[in-house]
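# Structure at a glance
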Amino acid sequence: MIKITIDFGAFIYLLSSVIILFLWFFGERKEKFKKKEEDFLWQCPLCFFEYIDSKNKEISRCPQCKTLFKKGEKW
Ligand SMILES: [Zn+2]
């Protein structure tokens, strides 16, 4: 009887650690994806036009007013 209880306890322990690992893994992935999507979103400091530019990371050209600007730059 005691042996079964220990086995069951070990099973529950393993199961819960696997579940926690899964939750952590997917939570991390979701956060990374969210951050990446946000990185592609640009807002022109001149005309406030919002667009997605996945090619550039630091400098981008606004498709509306053709202004070249740095990420996070304020005019
Ligand atoms: Zn613009």
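Residues numbered from 1 in each chain as written. Predicted model: local features only at pLDDT ≥ 70, side-chain atom pairs only at ≥ 80, totals over all residues.

### Digging into the overall build of the protein
Within the protein, the regular secondary structure consists of 1 helix and 4 strands. Across the protein, helices and strands are ordered from the amino to the carboxyl terminus as α-β-β-β-β. Looking at the protein as a whole, 3% of its 75 residues qualify as buried. Of the contacts formed within the protein by residues at least 6 apart in sequence, a portion of 16% connects residues at least 24 apart. (Helix = DSSP H or I, 4+ residues; strand = E, 2+ residues; numbered from the N terminus. Buried ≥ 20, exposed ≤ 12 C-beta atoms within 10 Å, placed from the backbone. Contact = placed C-beta atoms within 7 Å.)

### Structural notes on unusual backbone geometry
Notably, Phe 48 is not glycine yet its phi reads approximately 60 degrees, a positive angle. For Phe 48, a count of 10 C-beta atoms within 10 Å gives the class exposed.

### Some points on the environment of Arg 61
Looking at where Arg 61 falls in the secondary structure, it is placed in strand S3 (residues 59-61). For the pair Arg 61 and Trp 42, spaced 19 residues apart in the sequence, the C-alpha separation amounts to 9.5 Å. If we skip the residues at most four places from it in the chain, Arg 61 touches Lys 66, Thr 67 and Leu 68.

### A short note on the environment of Ser 54
Along the chain, Ser 54 turns up in the loop between strand S2 (50-52) and S3. Since 10 C-beta atoms lie within 10 Å of it, Ser 54 is described here as exposed. Taking the C-alpha atoms as reference points, Ser 54 and Leu 41, separated by 13 residues in sequence, lie 8.1 Å from one another.

Don't take any of this as a statement about function, it's just geometry.
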